[in-house]
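In case you want the letters, here they are:
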Amino acid sequence: MASAPAPSAARLYRPNRFVSLPAELDPDTYDTSPEKRRAEAERLAIRSQLKRQYLLQLNNPSPPAVIEDPALIRWAYAKSQNVYPTFRPTPKTSFLGAAYALGPLLFWIAVLKAHRDYKEKRIQEGAFMFQTTLILQRQWEWFLPRH
Amino acid sequence: MSMDMMPGPYPRTPEERAAAAKKYNMRVEDYQPYPDDGLGYGDYPMLPDKSQYERDPWYQWDQPDMRHNWGEPMHWHFDMYIRNRADTSPTVVPWHTMSKHFFIFLGTMLVMFGLGAIYPSYMPVVTRPP
């Protein structure tokens, strides 16, 4: 009987933003091609050079006060000072700006205005005819009955 | 550190790409910048979204608590992926199975409680004659 081959375990797992694929299900783990080995060797060469630079500074008899990590400095710079120069208004960024900046503002304006209009309407209808002073009456406005 | 070692704008030509990969201590094949949407990433590399939990705990990292090596490019959301915070380690049960179980259970319980509030049920009682 000709049926489609069973879906792979990796596809059944469906990794997403919150969980990664386990290494056992990843076909890349079992890949032993020369290209992969060359890539690993190149990465290891870069790593060794960096480690050498780091250890030279660390084991220096008169070490610097702080061993700066260029990756950390670049990360901090990219997140703080490189955002404005590389920003550019596009339809997507304009929409996101409006949604995050104007959206909540307009939403809360509408909600508070509607609630105050409702309170005013109830007061005009005479929902609170207590034998109390005006000050107490204003304080009791907060406990108006629900719609 | 000079300004040419700092992050810059999105690389457009292959030469700029190679220079950016070298700047970030990455292979040219590994280097992949964020898409040029104007969101402010510049030429910062887009690394896989994996938390520091997933890194080998037995390897001799230069910074063992961060599981980070000196000079290695840091993820854009590095401060989220440290071991005190978000964890993307693979789970025993797939994510979609867990969400399905959770939301079906929660939905059923909420529906039943809602129905019970709208249509309360109690033993029939007779009022006492006045």
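Residues numbered from 1 in each chain as written. Chains lettered and ligands numbered in written order. Predicted model: local features only at pLDDT ≥ 70, side-chain atom pairs only at ≥ 80, totals over all residues. Heavy atoms only, no water.

Taking an unreviewed UniProt entry as the reference, chain B is identified by name as NADH:ubiquinone oxidoreductase subunit B8 belonging to Ficedula albicollis.

Looking at an unreviewed UniProt entry, one finds chain A named NADH dehydrogenase [ubiquinone] 1 beta subcomplex subunit 4 and attributed to Ficedula albicollis. Among the UniProt annotations of chain A, the heading Sequence similarities (unreviewed entry) holds the following wording: "Belongs to the complex I NDUFB4 subunit family." As stated in UniProt under Function (unreviewed entry), the record for chain A gives "Accessory subunit of the mitochondrial membrane respiratory chain NADH dehydrogenase (Complex I), that is believed not to be involved in catalysis. Complex I functions in the transfer of electrons from NADH to the respiratory chain. The immediate electron acceptor for the enzyme is believed to be ubiquinone." (UniProt positions renumbered as here; feature names shortened; annotations may be inferred.)

Draft legend 1. Local environment of the overall build of chain B. Each helix and strand counted, chain B has 2 helices and 0 strands in total. For 130 residues, the compact-globule estimate of 2.2 N^0.38 gives 14 Å, and chain B exceeds it by more than 25% at 27 Å. Summarising its shape, the C-alpha atoms of chain B cover approximately 95 × 40 × 25 Å along the three principal directions. Per-residue burial over chain B gives 31% buried out of 130 residues. Across chain B, every contact between residues at least 6 apart in sequence was considered, and the portion connecting residues at least 24 apart equals 41%. When the accessible surface of chain B is totalled, it reaches about 9,000 Å², and 64% of it is carbon and sulfur. (Helix = DSSP H or I, 4+ residues; strand = E, 2+ residues; numbered from the N terminus. Rg over C-alpha atoms; globule rule 2.2 N^0.38 Å. Buried < 20%, exposed > 50% of the residue type's maximum accessible area, 1.4 Å probe, protein only. Contact = heavy atoms within 4.5 Å. Areas by Shrake-Rupley, 256 points an atom, 1.4 Å probe, with all protein chains shown as cover.)

Draft legend 2. Molecular detail of helix α3 (residues 70–80) of chain A. For α3(A), the complete set of buried residues consists of P70(A), A71(A), R74(A), W75(A), Y77(A) and A78(A). Lining the buried residues of α3(A) we find α4 (83–86) of chain A together with α1 (14–23) of chain B.

Draft legend 3. The arrangement of the nonpolar core in detail. Counting 15 residues, the largest nonpolar core has Y31(B), Y44(B) and M74(B) as its most contacted members. Broken down by secondary-structure element, the contributors of at least two residues to this core are α3 of chain A together with α1 of chain B. Those residues within four positions of Y31(B) in sequence are excluded, and the remaining contacts are P11(B), R17(B), A20(B), A21(B), Y24(B), M26(B), D43(B) and P45(B). (Core = buried A, V, L, I, M, F, W, Y, C linked by side-chain atoms within 4.5 Å.)

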